[in-house]
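# Summary of the model geometry
The residues making up each chain are set out below.
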Amino acid sequence: MVYLIAFCLFLILTILTIFGIYEYYERKYIVNLKELPKSYDVIIVLGAGIRPDGTPCDILKDRLFTAAKVYNECICRKVLLTGEHKDEDYSEIFSMKNWIMQYNIAEKDIILDGYGYCTYDSIFRAKDKLKINKAIISTNRYHLPRAIYIARRIGVEAYGIASDLRQYDRMKKYRKRERLAQIKDFFLVNFSLKKRKE
């Protein structure tokens, strides 16, 4: 019984410590447009799903719009759109590309990565496959601490800009799910650091 209590206390303290680390990254590395550092390699837009008609969902539209603002302020030279590309019938990245180009993004400055199945994969591939060293990340505020933490742990100098421009459906569900993802990715990035072969 003593060992069980000790284990439970250790587990609780570990989880609280993990959440505390993410809160530190939130305070330190999430900034507004005026505070973003200049001349970064790329702004990364993390996928969030598309509708049956092939257009981005509201959350993704706002991530793209926020990224376009950063690009048009000449803070980043390129835009990396990362998400899932299954086939011609479902391509998150092509939907993202078609949507963001309405905001005066030069096609030559758009990078597509269709293997961004999750946040860790998207950030890991940005570093490992695309050799990105300095990046701004555009996603929702609840999601940014984890994305920034992963990036900085694998050697990407990253800052985040929150893309929340309206109220979104199911946000409570997303925030609860994010807590579990934070724990998973903390252990993944610190104790696995996988080197995937595509």
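My aim in this report is to walk through the structure given alongside it, one point at a time. Keep in mind it's a predicted model, so treat the numbers as computed, not measured. (Residues numbered from 1 in each chain as written. Predicted model: local features only at pLDDT ≥ 70, side-chain atom pairs only at ≥ 80, totals over all residues. Heavy atoms only, no water.)

### Observations concerning the sheet that holds strand S6 (residues 134-139)
- Reading across the sheet, the 5 strands line up as S5-S2-S1-S6-S7 and stay open at both edges, with parallel pairing between neighbours. Pairing within the sheet leaves two strands with one partner each, and these edge strands are strand S5 (110-113) and strand S7 (157-162). Here the strands of the sheet are splayed against their neighbours by 25° on average, with no regard to which way each runs.
- Pairing geometry for strand S2 (residues 76-82) and S5, over 4 bridges, is parallel. Directly across from Val79, in S5, lies its bridge partner Ile110.
- Against the sheet, helix H5 (residues 144-153) touches strand S1 (40-46), S6 and S7, its axis set at about 170° to S7. (Pairing = 2+ DSSP bridges. Helix = DSSP H or I, 4+ residues; strand = E, 2+ residues; numbered from the N terminus. Axes fitted to C-alpha atoms, helices over the stretch in contact; angles between N-to-C directions. Contact = heavy atoms within 4.5 Å.)

### Examining the nonpolar core
- By size, the foremost hydrophobic cluster in this structure holds 29 residues, and its most contacted members are Ile44, Ile123, Ile137 and Ile148.
- For this core, the secondary structure elements donating two or more residues are helix H1 (2-29), S1, helix H4 (119-128), S6, H5 and helix H6 (171-191).
- If one sorts the elements of this core by residue count, H5 sits on top with 6 residues.
- Setting aside residues no more than four positions away along its own chain, Ile123 makes contact with Ile44, Leu46, Ile137, Ala147, Ile150, Ala151 and Ile154.
- The next biggest cluster of nonpolar side chains, apart from the first, holds 28 residues, and it includes Leu36, Ile43, Ala67 and Met171. (Core = buried A, V, L, I, M, F, W, Y, C linked by side-chain atoms within 4.5 Å. Buried < 20%, exposed > 50% of the residue type's maximum accessible area, 1.4 Å probe, protein only.)

### Observations regarding the packing of H1 against H6
- Between H1 and H6, the least distance of the axes is 10 Å, while the angle of their chain directions is 95°. It follows that H1 is roughly perpendicular to H6 by the angle criterion. Residues Thr14, Ile15, Ile18, Phe19, Ile21, Tyr22 and Glu23 of H1 touch H6, and the partners they reach there are Arg179, Gln182, Ile183, Asp185, Phe186 and Phe187.
- Grouping the constituent residues of the contact of H1 with H6 by class yields 8 nonpolar, 2 polar and 3 charged. (Parallel < 35°, antiparallel > 145°, perpendicular 65-115°, else oblique. Nonpolar A, V, L, I, M, F, W, Y, C, P; charged D, E, K, R; others polar.)

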